[in-house]
There are 2 protein chains.
Amino acid sequence: MASLAFSTRVSAVARSSARVRAVGVRSYSSKSVPLTAETYASRVQRNESFKKLEEDDVAFFRGVLQDDHGVITDADDLLFYNEDWMRKYRGQSSLVLKPKTTEQISKILAYCNEKKLAVVPQGGNTGLVGGSNPVFDEIVISLSSLNKIRSFDPVSGILKCDSGVILETADQFLAENGYIFPLDLGAKGSCHVGGTVATNAGGLRLLRYGSLHGSVLGLEAVLPDGTIYNSLDSLRKDNTGYDLKQLFIGSEGTIGIITGVSILCPSRPVAFNVAFLAVSSYEAVQKVFVGARRELSEILSAFEFMDGKSQVLTARHLKLDHPIESGEYPFYILIETSGSNKEHDDEKLETFLGNAMEEGLVDDGIIAQDDTQVKSLWSWRESIPEASTIGGGVYKYDVSLPLADLYGLVEEANVKLAKAGIVGLDDESKPVVDAIGYGHVGDGNLHLNVCVREYSKEIEAVLEPFVYEWIQSKKGSISAEHGLGFQKKNYIGYSKSDIEIKMIKEIKNHYDPNGIMNPYKYV
Amino acid sequence: MASLAFSTRVSAVARSSARVRAVGVRSYSSKSVPLTAETYASRVQRNESFKKLEEDDVAFFRGVLQDDHGVITDADDLLFYNEDWMRKYRGQSSLVLKPKTTEQISKILAYCNEKKLAVVPQGGNTGLVGGSNPVFDEIVISLSSLNKIRSFDPVSGILKCDSGVILETADQFLAENGYIFPLDLGAKGSCHVGGTVATNAGGLRLLRYGSLHGSVLGLEAVLPDGTIYNSLDSLRKDNTGYDLKQLFIGSEGTIGIITGVSILCPSRPVAFNVAFLAVSSYEAVQKVFVGARRELSEILSAFEFMDGKSQVLTARHLKLDHPIESGEYPFYILIETSGSNKEHDDEKLETFLGNAMEEGLVDDGIIAQDDTQVKSLWSWRESIPEASTIGGGVYKYDVSLPLADLYGLVEEANVKLAKAGIVGLDDESKPVVDAIGYGHVGDGNLHLNVCVREYSKEIEAVLEPFVYEWIQSKKGSISAEHGLGFQKKNYIGYSKSDIEIKMIKEIKNHYDPNGIMNPYKYV
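Residues numbered from 1 in each chain as written. Chains lettered and ligands numbered in written order. Predicted model: local features only at pLDDT ≥ 70, side-chain atom pairs only at ≥ 80, totals over all residues. Heavy atoms only, no water.

- Labelled according to an unreviewed UniProt entry, chain A appears under the name D-2-hydroxyglutarate dehydrogenase, mitochondrial, originating from Scheffersomyces stipitis.
- In the Subcellular location (unreviewed entry) part of its UniProt record, chain A is described as follows: "Mitochondrion".
- Note on chain A: under the UniProt heading Function (unreviewed entry), the record states "Catalyzes the oxidation of D-2-hydroxyglutarate (D-2-HG) to alpha-ketoglutarate. Also catalyzes the oxidation of other D-2-hydroxyacids, such as D-malate (D-MAL) and D-lactate (D-LAC). Exhibits high activities towards D-2-HG and D-MAL but a very weak activity towards D-LAC." (UniProt positions renumbered as here; feature names shortened; annotations may be inferred.)

1. As for the overall build of chain A
Okay, so step 1: Helices and strands together make up the secondary structure of chain A, namely 19 helices and 16 strands.
Okay, so step 2: Taking the contacts inside chain A whose residues are at least 6 apart along the sequence as the reference set, 76% of them involve residues at least 24 apart.
Okay, so step 3: Within the structure as shown, chain A displays about 18,300 Å² of accessible surface, and the carbon and sulfur contribution to it stands at 49%. (Helix = DSSP H or I, 4+ residues; strand = E, 2+ residues; numbered from the N terminus. Contact = heavy atoms within 4.5 Å. Areas by Shrake-Rupley, 256 points an atom, 1.4 Å probe, with all protein chains shown as cover.)

2. A look at the pairing of strand β15 (residues 432-440) of chain B
All names here are of chain B.
Okay, so step 1: In terms of burial, β15 is a largely internal element, nine of the nine residues being buried.
Okay, so step 2: Of the strand pairs in this sheet, strand β11 (residues 300-307) and β15 are connected by three bridges, and their pairing is antiparallel. Each bridged residue has a counterpart across the sheet, and for Phe305 the counterpart in β15 is Gly439.
Okay, so step 3: In this sheet, strand β16 (residues 445-452) lies alongside β15 in antiparallel orientation, the contact comprising eight bridges. What sits directly across from Ala435, in β16, is Val450.
Okay, so step 4: Linking β15 to β16, which pair antiparallel, is a turn of four residues; within it Gly444 sits at a positive phi near 65°. (Buried < 20%, exposed > 50% of the residue type's maximum accessible area, 1.4 Å probe, protein only. Pairing = 2+ DSSP bridges.)

3. Side note on the pairing of strand β14 (residues 393-400) of chain A
Residue and element names in this part refer to chain A.
Okay, so step 1: Summarising burial for β14: eight of the eight residues are buried, a large majority.
Okay, so step 2: A two-sided burial pattern is seen for β14, the buried positions comprising Gly393, Tyr395, Tyr397 and Val399 on one face and Val394, Lys396, Asp398 and Ser400 on the other.
Okay, so step 3: Note: β14 against strand β16 (residues 445-452), eight bridges, orientation antiparallel. The residue of β16 that forms the bridge with Val399 is Leu446.

4. Regarding the sheet that holds strand β10 (residues 271-279) of chain B
Residue and element names in this part refer to chain B.
Okay, so step 1: One open sheet holds the seven strands; their spatial order is β13-β10-β12-β11-β15-β16-β14, and the pairing between them is antiparallel. A single partner strand is all that each edge strand has here, and the edge strands are β13 (364-367) and β14 (393-400). Within this sheet the neighbouring strands show an average axis-to-axis angle of 15°, counted without direction. (Axes fitted to C-alpha atoms, helices over the stretch in contact; angles between N-to-C directions.)

5. Structural notes on the pattern of salt bridges
All names here are of chain B.
Okay, so step 1: Considering all chains together, one arrives at 58 salt bridges over all chains under this definition.
Okay, so step 2: For the salt bridge of Asp162 with Arg150, the shortest nitrogen-to-oxygen distance reads 2.7 Å. Separated by twelve residues along the polypeptide, Asp162 in strand β6 (residues 158-162) and Arg150 in strand β5 (residues 149-153) bring together distant segments of the chain.
Okay, so step 3: On the accessibility criterion, Asp162 (7% relative accessible area) is buried.
Okay, so step 4: The closest approach of N and O atoms between Arg205 and Asp184, which form a salt bridge, is 3.4 Å. With Arg205 in the loop between α7 (193-198) and α8 (206-209) and Asp184 in the loop between α6 (167-176) and α7, the pair connects residues that are 21 residues apart, well separated along the chain. (Salt bridge = Lys/Arg side-chain N within 4 Å of Asp/Glu carboxyl O.)

6. Considering the packing of helix α3 (residues 55-65) of chain A against helix α5 (residues 102-115) of chain A
Residue and element names in this part refer to chain A.
Okay, so step 1: In contact at an axis separation of 9 Å, α3 and α5 are set at 160° when each is read in the N-to-C sense. When the interaxial angle is binned, α3 and α5 end up roughly antiparallel. Considering only the axes of α3 and α5, their crossing is right-handed. Every residue of α5 that contacts α3 at Asp56, Asp57, Phe60, Phe61, Val64 and Leu65 is listed here: Gln104, Lys107, Ile108, Tyr111 and Cys112.
Okay, so step 2: Residues of the contact of α3 with α5, tallied by class, amount to seven nonpolar, one polar and three charged. (Parallel < 35°, antiparallel > 145°, perpendicular 65-115°, else oblique. Left-handed = near helix turned anticlockwise from the far one by under 90°. Nonpolar A, V, L, I, M, F, W, Y, C, P; charged D, E, K, R; others polar.)

7. Digging into helix α13 (residues 342-358) of chain A
Okay, so step 1: Helix length check: α13(A), at 17 residues, gives a terminal C-alpha distance of 24 Å against a target of 24 Å (1.5 Å per residue), a fit within 8%.
Okay, so step 2: Looking at the packing, one finds that the buried side of α13(A) touches β10 (271-279), α11 (282-295), β12 (331-339) and β13 (364-367) of chain A together with α13 (342-358) of chain B.
Okay, so step 3: Regarding α13(A), its N-cap is A:Asn341, as a side-chain oxygen of that residue lies 3.1 Å from the backbone nitrogen of A:Glu343 further along.
Okay, so step 4: In the stretch just after α13(A), A:Gly360 is the one whose phi turns positive, near 75°. (Expected span 1.5 Å × (residues − 1). Polar contact = N/O pair within 3.5 Å; in protein donor to acceptor, adjacent residues only side chain to side chain.)

8. Overview of the relation of the copies chain B and chain A
Okay, so step 1: Least-squares fitting of chain B to chain A yields an RMSD of 0.0 Å, with the transformation described by 0.0 Å of translation along the axis and a rotation of 180°. When the rotation and shift are considered jointly, the pair of chain copies conforms to a two-fold rotation axis. Scanning chain B for the C-alpha nearest the rotation axis identifies B:Gly214, at a separation of 2.0 Å.
Okay, so step 2: Interface overlap between copies is the fraction of interface residues in one copy that are interface residues in the other; for chain B against chain A it reaches 100%, indicating a shared surface. (Least-squares fit on C-alpha atoms with pLDDT ≥ 70 in both.)

9. Some remarks on the domain arrangement of chain A
Residues and elements named next belong to chain A.
Okay, so step 1: For chain A, the domain assignment lists domain 1 (51-142), domain 2 (149-264), domain 3 (269-385) and domain 4 (388-509).
Okay, so step 2: If you average the C-alpha positions of domain 1 and of domain 2, the two centres end up 22 Å apart.
Okay, so step 3: Domain 1 puts twelve residues into the contact, and the matching count from domain 2 is 15 residues.
Okay, so step 4: Roughly 1,200 Å² is buried in total at the junction of domain 1 and domain 2, and carbon and sulfur atoms are behind 70% of that figure.
Okay, so step 5: Of all residues in domain 1, Thr102, Leu109 and Pro121 give up the largest surface area on contact with domain 2, accounting jointly for 37% of the area buried on that side. (Domains from an automatic or database assignment. Buried area = accessible area lost by both parts, 1.4 Å probe.)

And the structure:
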């Protein structure tokens, strides 16, 4: 059988650090992150209609929280909340609040709304567009202490939990009950369930389990005026009125704070397979995808692609040899299947891979033989975001494009950067390390990462608005799953019409007339 | 093997008329449907702030449509649009408009909004809560002439079509391309794609393909002031701003008219199996369901239950012997699997059924051997709605309940009706034929049908508010998939809190300040 051509040996790689990244253990270089307000001084200024924090305000919040650990004012402790994970944005908040109940959040927001104190809701702070960090002196409301599983129904598979539960914690709890969280992403060890809902995260298995707009059944959220909106239903179907919770999915903390989530979880598959393939062209990537969807159909749970350049950086980051040892290839594919019968799944995968080899689409490949190897192969995909920061920083573009055009953006970006003479993989004098591409082919979602040694206006000028204009010309989206945040606030016009933007702004004004919720971002 | 106990013979039943019901071919009894305004005179009165239609208005509309066939004023022709399918509601509209373009709808709505002429958007008129029929003299805007497939991308599986395309037409088009519409329901031969979106229809395969909130990627809709909102994206992921299209999914024509739909369609499975089982108790239904979800997992595409009484009526309606000939059973189950490998699916289903027989959960059963038998078995489930009207009418309650409580409502309703002495299956002097239960166990969705010989206040007094209070006590939903429409307008409080109702009303007022869109209904 053709599938015998596949090697079954996988280097024993420890589980990627990207998956177990825990809050507070990041290593900071000595170089401090410049203030967002200074880097983008020409773009954004403090809204002087917002009140400046005073001692009386802090005293009020201490009274609400009744817990000194929940009120952070120490400069060193504030740093984690002010800075983003990419070390690109830094705010100047002097106060972080960590409420433990929905009622406390209600009191905090009602007060802030009345006093016009601006706030930034923050989950695991793993966002990629500066959406969860302050820009000026906004108060950070961290959800990390609102972190209880509320209930789980093993018959329906419906989980209800606080928004601050860490995604991996939720998934481990579900695993013990034979279920799986319908979303998975590299930052699962740090990101919050509520944060994934607030940003409408997509992640690695959207292909199989669909978007959060379908799987989230109910939400609890606090509106800017302190109103507690509770639709934490445990029903799969409910057609009584507009589905208002949908507005909060992907709202990035701009119209309220999500405090509780009710979500439908699928049965945990008992059989998993992961194959890692090397192919010669992006055209082959597309052909393998079309075949996989047809032949693997209901058991296909991930189809990820990575360019060769991303794997070079990842090998350096992980300090390991690549699992496919027969040479460097321009493209790699990770295919995951999951199902209820290992024998059936193995047979489907082997038949599919055999056909792909016979058609000459696949040059080399490997199939994981046990759970350790499954994790090892996934780490070559999931470590790319961290590997991208190997030089010091990364400009991330998370875009939706028609499948045929997906990789064209990476090629074009590389041409532009090369022309500007600013790229050098091993040339420390050049500001750009490399521009790499990878992502979720199954969802038409590309991640273009421009890996840099420093953030600079010169690099930005080469990339923007070029990237956005290119996406617009292909009728794509400038943000497939990362959201708008601070980074893309001014670029929504590349993906939305004037009428849509007007309607979005109307909704923002409807729920947050004082504009205190996550200002300077989104719209 | 235990599965050998299954008979493989299925009576050759013609495809259910419920599935091929076409617009305009209903047979009306001589007895006319009473006017909604008279039946519910104590509950609803004409809003006198709405303008009454005049000749000038009709002339304007004729000018917009430029087509005499698109302007209906003849009393006989109006009847179809004024009456609902259950023959329970009848409005008094003197004008039906059938625009052919989104721009025409924009002009019509802008005019109506300015003049305060109330309108009712209408799809295939297959709704079950009187939502698509006028109550007084509202103008009906039928989408039936806006019925073109706009585009289909065979790589991504994304279909874009006008809202007036008939569901079955869309599905047949997709079948030719190897895809399937992610929604199926009994009325597919008449209902419109846009109508299913406007009512957030659930149907028979939600268990497998999820809700429309997940699969609809974009919408085009006309707002009451004539604004054309176009988010007809062809992207699987787009996180740029609030997902406003979600508000229109399930809005029942109260904030705008959906004119175009972009929807993600899954690959069409190549292997289908249908099993029809007889079981002795509702407890056994639940146990078989839990087992099916575990063992059939990714290939399970429908799990429907029917009580024995529903099958008695269906046999009379279809004039056929029941496919399970070994006697009458209290409950029946229809299980559908669909996948990419017939051999694998057969093996999974046989193993599962063998286990269920061995455990004594299943008393008898049958597996379809070919496509004709698949359709035949489905007709015993899909014909129930039509069979329910065998006596002349039906009170339909479409509810979500926790699985354990699902059938309790039917039992309680029967006790109440029996106590009132108004039920007689074959006693023509009694107003109620029977109260039957069936539905989508996989979604916690029960249909309680109270089959009647006439609609009367006496019957309604026995059923309401009893049914709604019972649902509220179990924290269920008074409308799982049918919506609120006219029937449930006043009962939303049984499923939504005061805060939620307030927020829903605010959205209605935000988009439709003059209240011209589908008045007297929803909220």
